[in-house]
Amino acid sequence: MLARSGVVCQIPQWRRDLVGAFTRSSELLDYLGLDSASLPPLANETADFPLLVPRAFATQMRPGDPDDPLLRQVLPLRTELAPQPGFGDDPVGDGAARRAPGLLRKYPGRALLIATSACAVHCRYCFRRHYPYGEATKGRDATSAALASIAEDPSIGEVILSGGDPLLLDERRLTRLVNAIEAIPHVSRLRLHTRVPVVLPTRIDEQLCRLLATTRLRTLVVIQANHARELGEGAQAALAALREARVQLLNQSVLLRGVNDDAGRLTALSEALFESGVLPYYLHLLDRVRGAAHFEVDEGRAVQLLAEVRARLPGYLVPRLVREETGHPSKTLIA
Ligand SMILES: *Cc1c(COP(=O)(O)O)cnc(C)c1O
Ligand code: SF4
(Lines give C-alpha, C1' and ligand atoms only; values in the text may rest on other atoms or scores of the structure.)
(Ligands and ions follow the chains in the order given, each with its own letter.)
Protein backbone atom coordinates (compact mmCIF):
# COMPACT_ATOMS: atom_id res chain seq x y z
CA MET A 1 0.00 0.00 0.00
CA LEU A 2 2.73 2.40 0.93
CA ALA A 3 4.55 1.85 -2.30
CA ARG A 4 1.37 2.53 -4.25
CA SER A 5 0.29 5.65 -2.42
CA GLY A 6 3.22 7.54 -3.92
CA VAL A 7 1.90 6.80 -7.38
CA VAL A 8 -1.69 7.64 -6.51
CA CYS A 9 -0.77 11.06 -5.16
CA GLN A 10 1.52 11.98 -8.01
CA ILE A 11 0.48 15.21 -9.69
CA PRO A 12 0.68 14.77 -13.43
CA GLN A 13 3.15 16.96 -15.28
CA TRP A 14 0.40 18.70 -17.25
CA ARG A 15 -1.28 19.87 -14.04
CA ARG A 16 2.00 21.41 -12.95
CA ASP A 17 2.41 23.00 -16.37
CA LEU A 18 -1.04 24.50 -16.04
CA VAL A 19 -0.24 25.94 -12.62
CA GLY A 20 2.84 27.55 -14.19
CA ALA A 21 0.81 29.31 -16.90
CA PHE A 22 0.89 33.09 -17.29
CA THR A 23 -2.11 34.74 -15.64
CA ARG A 24 -1.14 38.39 -15.98
CA SER A 25 -0.52 40.43 -19.08
CA SER A 26 2.45 42.16 -17.45
CA GLU A 27 4.25 38.86 -16.82
CA LEU A 28 3.65 37.65 -20.34
CA LEU A 29 4.84 40.94 -21.85
CA ASP A 30 7.97 40.90 -19.66
CA TYR A 31 8.66 37.37 -20.81
CA LEU A 32 8.40 38.51 -24.44
CA GLY A 33 10.50 41.62 -23.84
CA LEU A 34 7.58 43.87 -24.77
CA ASP A 35 6.61 47.24 -23.38
CA SER A 36 2.88 47.87 -23.11
CA ALA A 37 3.50 51.24 -24.80
CA SER A 38 4.09 49.38 -28.08
CA LEU A 39 0.64 47.77 -27.86
CA PRO A 40 -2.94 49.00 -28.13
CA PRO A 41 -4.38 49.91 -24.69
CA LEU A 42 -4.69 46.83 -22.49
CA ALA A 43 -7.69 45.87 -20.37
CA ASN A 44 -6.85 45.89 -16.70
CA GLU A 45 -10.09 44.37 -15.55
CA THR A 46 -11.32 41.25 -17.29
CA ALA A 47 -12.14 39.44 -14.09
CA ASP A 48 -14.69 37.13 -15.71
CA PHE A 49 -12.27 36.04 -18.41
CA PRO A 50 -8.69 36.84 -17.36
CA LEU A 51 -5.52 36.18 -19.29
CA LEU A 52 -4.44 32.54 -19.22
CA VAL A 53 -1.50 31.33 -21.33
CA PRO A 54 0.48 28.15 -20.70
CA ARG A 55 4.21 28.48 -21.18
CA ALA A 56 4.25 25.95 -24.02
CA PHE A 57 2.11 28.37 -26.04
CA ALA A 58 4.08 31.44 -24.98
CA THR A 59 7.35 29.83 -26.16
CA GLN A 60 5.92 29.77 -29.69
CA MET A 61 5.44 33.56 -29.67
CA ARG A 62 8.06 35.81 -31.25
CA PRO A 63 9.82 37.86 -28.57
CA GLY A 64 9.69 41.60 -29.10
CA ASP A 65 6.86 41.50 -31.66
CA PRO A 66 3.79 43.45 -30.52
CA ASP A 67 1.84 42.14 -33.54
CA ASP A 68 2.62 38.50 -32.88
CA PRO A 69 -0.42 36.52 -34.09
CA LEU A 70 -0.28 34.13 -31.15
CA LEU A 71 -0.04 36.93 -28.61
CA ARG A 72 -3.00 38.71 -30.20
CA GLN A 73 -5.25 35.68 -29.64
CA VAL A 74 -4.78 35.82 -25.88
CA LEU A 75 -3.99 39.41 -24.87
CA PRO A 76 -6.94 41.26 -23.25
CA LEU A 77 -7.32 44.67 -24.91
CA ARG A 78 -9.36 47.55 -23.61
CA THR A 79 -11.41 47.59 -26.79
CA GLU A 80 -13.07 44.36 -25.56
CA LEU A 81 -14.86 46.37 -22.91
CA ALA A 82 -16.28 49.01 -25.26
CA PRO A 83 -19.90 48.71 -26.43
CA GLN A 84 -20.06 46.48 -29.52
CA PRO A 85 -23.43 46.70 -31.26
CA GLY A 86 -24.46 43.37 -32.76
CA PHE A 87 -22.12 41.40 -30.51
CA GLY A 88 -23.88 39.50 -27.72
CA ASP A 89 -23.51 36.88 -25.00
CA ASP A 90 -25.00 33.89 -26.83
CA PRO A 91 -24.10 34.45 -30.49
CA VAL A 92 -24.80 30.91 -31.71
CA GLY A 93 -28.02 30.03 -29.91
CA ASP A 94 -26.54 27.62 -27.40
CA GLY A 95 -29.25 28.53 -24.91
CA ALA A 96 -32.01 27.30 -27.24
CA ALA A 97 -30.11 24.10 -28.10
CA ARG A 98 -29.83 22.94 -24.51
CA ARG A 99 -31.46 19.53 -23.95
CA ALA A 100 -30.20 18.73 -20.44
CA PRO A 101 -27.69 20.50 -18.23
CA GLY A 102 -24.51 20.62 -20.31
CA LEU A 103 -26.04 18.88 -23.34
CA LEU A 104 -26.50 20.70 -26.65
CA ARG A 105 -28.39 19.22 -29.59
CA LYS A 106 -28.28 21.23 -32.78
CA TYR A 107 -27.57 18.72 -35.51
CA PRO A 108 -29.00 15.29 -36.29
CA GLY A 109 -26.98 12.32 -35.10
CA ARG A 110 -24.64 14.27 -32.87
CA ALA A 111 -24.87 15.48 -29.30
CA LEU A 112 -22.43 17.88 -27.72
CA LEU A 113 -21.59 17.55 -24.08
CA ILE A 114 -20.06 20.47 -22.18
CA ALA A 115 -17.73 18.35 -20.09
CA THR A 116 -16.12 21.16 -18.09
CA SER A 117 -15.96 24.93 -18.07
CA ALA A 118 -12.20 25.01 -17.69
CA CYS A 119 -9.79 25.76 -20.53
CA ALA A 120 -6.02 25.59 -20.72
CA VAL A 121 -5.89 28.95 -22.48
CA HIS A 122 -8.27 31.88 -22.69
CA CYS A 123 -8.87 32.87 -26.31
CA ARG A 124 -10.21 36.40 -26.56
CA TYR A 125 -12.48 35.55 -29.50
CA CYS A 126 -14.10 32.57 -27.78
CA PHE A 127 -17.82 32.26 -28.52
CA ARG A 128 -18.43 30.59 -25.17
CA ARG A 129 -16.70 33.27 -23.12
CA HIS A 130 -20.05 34.26 -21.58
CA TYR A 131 -21.62 30.78 -21.50
CA PRO A 132 -23.45 30.10 -18.21
CA TYR A 133 -21.29 27.11 -17.33
CA GLY A 134 -22.48 26.90 -13.74
CA GLU A 135 -25.30 24.41 -14.24
CA ALA A 136 -23.56 22.44 -16.98
CA THR A 137 -20.63 21.44 -14.86
CA LYS A 138 -22.08 20.88 -11.43
CA GLY A 139 -20.60 17.41 -11.30
CA ARG A 140 -21.92 13.92 -11.61
CA ASP A 141 -25.64 14.59 -11.43
CA ALA A 142 -25.56 17.01 -14.32
CA THR A 143 -23.44 14.60 -16.38
CA SER A 144 -25.70 11.66 -15.67
CA ALA A 145 -28.76 13.60 -16.84
CA ALA A 146 -26.92 14.40 -20.08
CA LEU A 147 -25.87 10.76 -20.52
CA ALA A 148 -29.39 9.54 -19.81
CA SER A 149 -30.71 11.86 -22.49
CA ILE A 150 -28.21 10.44 -25.02
CA ALA A 151 -29.06 6.86 -23.98
CA GLU A 152 -32.75 7.50 -24.65
CA ASP A 153 -32.21 8.68 -28.21
CA PRO A 154 -30.99 5.95 -30.59
CA SER A 155 -30.46 8.49 -33.37
CA ILE A 156 -27.33 9.79 -31.60
CA GLY A 157 -24.34 7.96 -33.07
CA GLU A 158 -21.68 10.46 -32.10
CA VAL A 159 -20.92 12.19 -28.84
CA ILE A 160 -18.82 15.32 -28.92
CA LEU A 161 -17.00 16.31 -25.76
CA SER A 162 -16.49 20.03 -25.68
CA GLY A 163 -16.34 22.73 -23.09
CA GLY A 164 -14.34 24.53 -22.02
CA ASP A 165 -11.81 21.89 -22.86
CA PRO A 166 -12.67 18.25 -22.14
CA LEU A 167 -9.01 17.34 -21.79
CA LEU A 168 -8.82 19.39 -18.61
CA LEU A 169 -10.87 16.70 -16.90
CA ASP A 170 -8.59 14.60 -14.79
CA GLU A 171 -7.88 11.03 -15.80
CA ARG A 172 -10.40 9.50 -13.45
CA ARG A 173 -13.33 11.66 -14.52
CA LEU A 174 -12.48 11.43 -18.19
CA THR A 175 -12.20 7.64 -18.01
CA ARG A 176 -15.51 7.44 -16.21
CA LEU A 177 -17.14 9.62 -18.83
CA VAL A 178 -15.71 7.67 -21.78
CA ASN A 179 -16.75 4.38 -20.15
CA ALA A 180 -20.27 5.70 -19.67
CA ILE A 181 -20.50 6.74 -23.33
CA GLU A 182 -19.09 3.38 -24.47
CA ALA A 183 -21.85 1.68 -22.55
CA ILE A 184 -24.51 3.29 -24.74
CA PRO A 185 -24.83 0.76 -27.58
CA HIS A 186 -26.01 3.14 -30.31
CA VAL A 187 -23.04 5.49 -29.90
CA SER A 188 -20.20 4.52 -32.24
CA ARG A 189 -18.07 7.67 -32.42
CA LEU A 190 -16.43 9.85 -29.81
CA ARG A 191 -15.18 13.27 -30.78
CA LEU A 192 -13.16 15.66 -28.63
CA HIS A 193 -12.94 19.36 -29.38
CA THR A 194 -9.78 20.53 -27.68
CA ARG A 195 -7.03 23.11 -27.85
CA VAL A 196 -4.89 21.14 -25.43
CA PRO A 197 -2.58 19.34 -27.90
CA VAL A 198 -1.52 22.80 -29.10
CA VAL A 199 -1.38 24.82 -25.89
CA LEU A 200 -0.67 22.19 -23.20
CA PRO A 201 0.91 19.28 -25.06
CA THR A 202 2.09 17.47 -21.92
CA ARG A 203 -1.59 16.62 -21.31
CA ILE A 204 -1.36 14.09 -24.15
CA ASP A 205 0.27 11.55 -21.86
CA GLU A 206 0.44 7.78 -21.85
CA GLN A 207 -2.71 7.22 -19.84
CA LEU A 208 -4.78 9.41 -22.12
CA CYS A 209 -3.45 7.73 -25.25
CA ARG A 210 -4.17 4.33 -23.73
CA LEU A 211 -7.74 5.38 -22.98
CA LEU A 212 -8.29 6.57 -26.55
CA ALA A 213 -6.54 3.56 -28.09
CA THR A 214 -8.55 1.00 -26.16
CA THR A 215 -12.10 2.32 -26.31
CA ARG A 216 -14.45 0.49 -28.66
CA LEU A 217 -15.51 3.89 -30.04
CA ARG A 218 -13.95 5.37 -33.17
CA THR A 219 -12.25 8.48 -31.92
CA LEU A 220 -11.66 11.86 -33.49
CA VAL A 221 -9.81 14.76 -31.96
CA VAL A 222 -10.55 18.15 -33.48
CA ILE A 223 -7.80 20.52 -32.44
CA GLN A 224 -7.82 24.26 -32.86
CA ALA A 225 -4.81 26.00 -34.36
CA ASN A 226 -5.09 29.36 -36.05
CA HIS A 227 -1.50 29.93 -37.14
CA ALA A 228 1.30 27.61 -38.29
CA ARG A 229 3.61 28.70 -35.51
CA GLU A 230 1.29 27.16 -32.91
CA LEU A 231 2.46 23.75 -34.11
CA GLY A 232 5.86 23.67 -32.43
CA GLU A 233 7.80 20.64 -31.24
CA GLY A 234 5.59 20.02 -28.24
CA ALA A 235 2.39 20.08 -30.27
CA GLN A 236 3.96 17.90 -32.95
CA ALA A 237 4.91 15.26 -30.38
CA ALA A 238 1.42 15.35 -28.83
CA LEU A 239 -0.20 14.92 -32.24
CA ALA A 240 2.14 12.06 -33.12
CA ALA A 241 1.12 10.30 -29.91
CA LEU A 242 -2.56 10.72 -30.75
CA ARG A 243 -1.96 9.34 -34.22
CA GLU A 244 -0.31 6.32 -32.70
CA ALA A 245 -3.43 5.83 -30.62
CA ARG A 246 -5.35 5.61 -33.95
CA VAL A 247 -7.14 8.88 -33.43
CA GLN A 248 -8.43 10.70 -36.53
CA LEU A 249 -7.06 14.25 -36.32
CA LEU A 250 -8.83 17.31 -37.71
CA ASN A 251 -8.36 21.03 -37.16
CA GLN A 252 -10.71 23.93 -36.90
CA SER A 253 -9.60 27.55 -37.02
CA VAL A 254 -11.33 30.84 -36.57
CA LEU A 255 -10.64 33.53 -39.17
CA LEU A 256 -9.23 36.36 -37.07
CA ARG A 257 -8.15 39.80 -38.12
CA GLY A 258 -4.47 40.35 -37.38
CA VAL A 259 -3.92 36.64 -36.75
CA ASN A 260 -4.58 34.63 -39.91
CA ASP A 261 -6.49 36.87 -42.34
CA ASP A 262 -3.86 36.35 -44.99
CA ALA A 263 -3.71 33.74 -47.77
CA GLY A 264 -0.02 33.03 -47.11
CA ARG A 265 -0.63 32.41 -43.43
CA LEU A 266 -3.64 30.18 -44.07
CA THR A 267 -1.66 28.19 -46.62
CA ALA A 268 1.25 27.76 -44.20
CA LEU A 269 -1.18 26.63 -41.50
CA SER A 270 -2.69 23.91 -43.70
CA GLU A 271 0.78 22.69 -44.65
CA ALA A 272 1.98 22.64 -41.04
CA LEU A 273 -1.15 20.72 -40.01
CA PHE A 274 -0.57 18.11 -42.69
CA GLU A 275 3.04 17.68 -41.52
CA SER A 276 1.54 16.62 -38.19
CA GLY A 277 -1.06 14.33 -39.73
CA VAL A 278 -3.95 16.74 -39.20
CA LEU A 279 -6.45 17.65 -41.92
CA PRO A 280 -8.05 21.10 -41.99
CA TYR A 281 -11.78 20.79 -41.27
CA TYR A 282 -13.47 24.12 -40.67
CA LEU A 283 -12.42 27.74 -40.96
CA HIS A 284 -15.06 29.58 -38.93
CA LEU A 285 -16.21 33.10 -39.48
CA LEU A 286 -16.09 34.81 -36.13
CA ASP A 287 -19.10 34.28 -33.91
CA ARG A 288 -20.31 37.71 -32.87
CA VAL A 289 -19.59 37.42 -29.18
CA ARG A 290 -19.31 40.52 -27.00
CA GLY A 291 -15.66 41.52 -26.63
CA ALA A 292 -14.45 40.03 -29.93
CA ALA A 293 -15.45 42.71 -32.46
CA HIS A 294 -11.83 43.70 -33.17
CA PHE A 295 -11.17 40.23 -34.65
CA GLU A 296 -13.92 40.31 -37.26
CA VAL A 297 -13.11 39.78 -40.95
CA ASP A 298 -15.96 40.57 -43.30
CA GLU A 299 -17.49 37.79 -45.31
CA GLY A 300 -16.52 39.11 -48.73
CA ARG A 301 -12.87 39.28 -47.76
CA ALA A 302 -13.08 35.81 -46.20
CA VAL A 303 -14.43 34.33 -49.44
CA GLN A 304 -11.65 36.00 -51.39
CA LEU A 305 -8.98 34.70 -48.99
CA LEU A 306 -10.31 31.19 -49.30
CA ALA A 307 -10.26 31.43 -53.10
CA GLU A 308 -6.58 32.38 -52.90
CA VAL A 309 -5.85 29.45 -50.59
CA ARG A 310 -7.74 27.10 -52.92
CA ALA A 311 -5.60 28.25 -55.82
CA ARG A 312 -2.44 27.28 -53.92
CA LEU A 313 -3.24 23.99 -52.22
CA PRO A 314 -4.62 20.54 -52.98
CA GLY A 315 -8.32 20.30 -52.17
CA TYR A 316 -7.80 18.19 -49.05
CA LEU A 317 -5.79 21.01 -47.46
CA VAL A 318 -8.51 23.63 -47.97
CA PRO A 319 -10.79 24.01 -44.94
CA ARG A 320 -14.52 24.64 -45.35
CA LEU A 321 -15.37 28.25 -44.64
CA VAL A 322 -18.44 28.17 -42.40
CA ARG A 323 -20.61 30.27 -40.19
CA GLU A 324 -22.69 29.06 -37.33
CA GLU A 325 -26.27 30.32 -37.46
CA THR A 326 -28.84 29.93 -34.76
CA GLY A 327 -31.50 27.37 -35.64
CA HIS A 328 -29.79 25.90 -38.73
CA PRO A 329 -29.45 22.09 -39.05
CA SER A 330 -25.71 22.32 -39.80
CA LYS A 331 -22.97 24.89 -39.97
CA THR A 332 -23.64 27.13 -42.97
CA LEU A 333 -21.16 26.58 -45.79
CA ILE A 334 -19.90 29.92 -47.13
CA ALA A 335 -17.13 28.68 -49.45
C1 LIG B 1 -20.52 22.66 -34.23
C2 LIG B 1 -21.39 21.76 -33.46
C3 LIG B 1 -21.43 20.38 -33.72
C4 LIG B 1 -20.53 19.72 -34.73
O5 LIG B 1 -20.85 20.00 -36.05
P6 LIG B 1 -20.09 19.23 -37.19
O7 LIG B 1 -20.53 19.88 -38.44
O8 LIG B 1 -20.46 17.80 -37.09
O9 LIG B 1 -18.62 19.40 -36.90
C10 LIG B 1 -22.32 19.61 -33.02
N11 LIG B 1 -23.13 20.14 -32.07
C12 LIG B 1 -23.12 21.44 -31.80
C13 LIG B 1 -24.05 21.95 -30.75
C14 LIG B 1 -22.24 22.31 -32.48
O15 LIG B 1 -22.23 23.61 -32.16
S1 SF4 C 1 -9.85 26.81 -25.66
FE2 SF4 C 1 -11.76 26.83 -26.86
S3 SF4 C 1 -13.41 27.03 -25.34
FE4 SF4 C 1 -11.48 27.59 -24.33
S5 SF4 C 1 -11.30 29.82 -24.54
FE6 SF4 C 1 -10.21 28.93 -26.28
S7 SF4 C 1 -11.73 28.82 -27.93
FE8 SF4 C 1 -12.85 29.08 -25.99
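What you see is a predicted model, and the numbers here were worked out from it, not measured in a lab.

Cut-offs used in this document
- Residues numbered from 1 in each chain as written.
- Chains lettered and ligands numbered in written order.
- Predicted model: local features only at pLDDT ≥ 70, side-chain atom pairs only at ≥ 80, totals over all residues.
- Heavy atoms only, no water.
- Near = heavy atom within 4 Å.
- Polar contact = N/O pair within 3.5 Å; in protein donor to acceptor, adjacent residues only side chain to side chain.
- Areas by Shrake-Rupley, 256 points an atom, 1.4 Å probe, with all protein chains shown as cover.
- 1 Å grid on protein atoms, 1.4 Å probe; cavity = no way out; pocket = protein on both sides within 12 Å on 5 of 7 lines; lining within 4 Å.
- Sits in = over half its atoms within 2 Å of the grid points.
- Nonpolar A, V, L, I, M, F, W, Y, C, P; charged D, E, K, R; others polar.
- Points joined across faces, edges and corners; volume = space filled by probe spheres on them.
- Helix = DSSP H or I, 4+ residues; strand = E, 2+ residues; numbered from the N terminus.
- Expected span 1.5 Å × (residues − 1).
- Buried < 20%, exposed > 50% of the residue type's maximum accessible area, 1.4 Å probe, protein only.
- Arc of directions from axis to C-beta.
- Contact = heavy atoms within 4.5 Å.
- UniProt positions renumbered as here; feature names shortened; annotations may be inferred.
- Domains from an automatic or database assignment.
- Buried area = accessible area lost by both parts, 1.4 Å probe.
- Salt bridge = Lys/Arg side-chain N within 4 Å of Asp/Glu carboxyl O.

### Here we look at the site of ligand 1
Next up, step 1: Near ligand 1 the following residues occur: L104, K106, Y107, R110, L112, I160, R191, Y281, Y282, E324 and K331.
Next up, step 2: One of the side-chain N or O atoms of Y281 is found 2.7 Å from an oxygen atom in ligand 1.
Next up, step 3: A total of 390 Å² of accessible area belongs to ligand 1 in isolation, and the protein chains cover 94% of it.
Next up, step 4: Because more than half of its atoms lie within 2 Å of the grid, ligand 1 is assigned to the largest pocket.
Next up, step 5: Partitioned by chemical class, the residues of the shell around ligand 1 number six nonpolar, no polar and five charged.

### Overview of empty space enclosed by the protein
Next up, step 1: One pass over the full model with this rule turns up one cavity of 30 Å³ or more.
Next up, step 2: Of the voids in this model, the largest cavity is the one considered here, and its volume is about 80 Å³.
Next up, step 3: Taken together, N251, S253, L266, L269, S270, L273, P280, Y282, L283, L306, V309 and P319 form the lining of the largest cavity.
Next up, step 4: Within the residue set of the lining of the largest cavity, elements represented by two or more residues are β7 (248-254), α13 (263-275), β8 (279-284) and α14 (299-312).

### Considering α14
Next up, step 1: For α14, which comprises 14 residues, the first-to-last C-alpha distance of 20 Å matches the rise-based estimate of 20 Å (1.5 Å per residue) to within 8%.
Next up, step 2: Those residues of α14 that sit buried are A302, L305, L306 and V309. The buried residues of α14 occupy one face: seen down the axis, they fall within an arc of 100°.
Next up, step 3: Turning to α14, the residues buried within the fold contact α13, β8 and β9 (320-323).

### So, the UniProt feature "modified residue: N6-(pyridoxal phosphate)lysine" (unreviewed entry) in the protein
Next up, step 1: Sites flagged by UniProt as "modified residue: N6-(pyridoxal phosphate)lysine" (unreviewed entry) map to K331.
Next up, step 2: Note on placement: K331 falls in the loop between β9 and β10 (332-333).
Next up, step 3: K331 gets classed as partly exposed once you look at its relative accessible area, which sits at 21%.
Next up, step 4: There is a polar contact of 3.3 Å between the side chain of K331 and the side chain of Y107.

### Considering the domain arrangement of the protein
Next up, step 1: Under the domain assignment, the protein is made up of domain 1 (13-81) and domain 2 (94-333).
Next up, step 2: Each partner contributes to the interface: domain 1 provides 29 residues, whereas domain 2 provides 34 residues.
Next up, step 3: Of the roughly 2,600 Å² buried at the junction of domain 1 and domain 2 (both faces included), carbon and sulfur atoms supply 59%.
Next up, step 4: Summed over the shared surface of domain 1 and domain 2, the number is three salt bridges.
Next up, step 5: Ionic pairing is found between R129 and E80, a salt bridge with its closest N-O pair at 3.1 Å.
Next up, step 6: Counting the contacts that link domain 1 with domain 2 gives 13 residue pairs in polar contact (both at pLDDT 80 or more).
Next up, step 7: Contributions of two or more residues to the side of domain 1 that touches domain 2 are made by α2 (13-19), α4 (55-58) and α5 (69-74).
Next up, step 8: Residue composition of the side of domain 1 that touches domain 2, grouped by class: 16 nonpolar, five polar and eight charged.

### Describing unusual backbone geometry
Next up, step 1: Of the consecutive residues G163 and G164, the connecting peptide bond is found in the cis state with omega at 15°.
Next up, step 2: Inspection of the secondary structure assignment puts G164 in the loop between β4 (158-162) and α9 (171-182).
Next up, step 3: With a phi close to 60°, R246 is a non-glycine residue in the positive phi region.
Next up, step 4: Note on placement: R246 falls in the loop between α12 (233-244) and β7.
Next up, step 5: With relative accessibility at 62%, the residue R246 sits in the exposed group.

### Quick look at the site of ligand 2
Next up, step 1: Neighbouring residues of ligand 2: C119, V121, C123, C126, G164, R195 and Q224.
Next up, step 2: Spatially, ligand 2 is embedded in the largest pocket.
Next up, step 3: Residues that form the shell around ligand 2 fall into these classes: four nonpolar, two polar and one charged.

### Overview of the layout of surface pockets
Next up, step 1: Within this model, the largest pocket holds a volume of roughly 940 Å³.
Next up, step 2: Mapped onto the lining of the largest pocket, the elements with two or more residues apiece are β3 (110-114), β4, β5 (189-194), β6 (218-224), β7 and β8.
Next up, step 3: Partitioned by chemical class, the residues of the lining of the largest pocket number 21 nonpolar, 11 polar and 13 charged.

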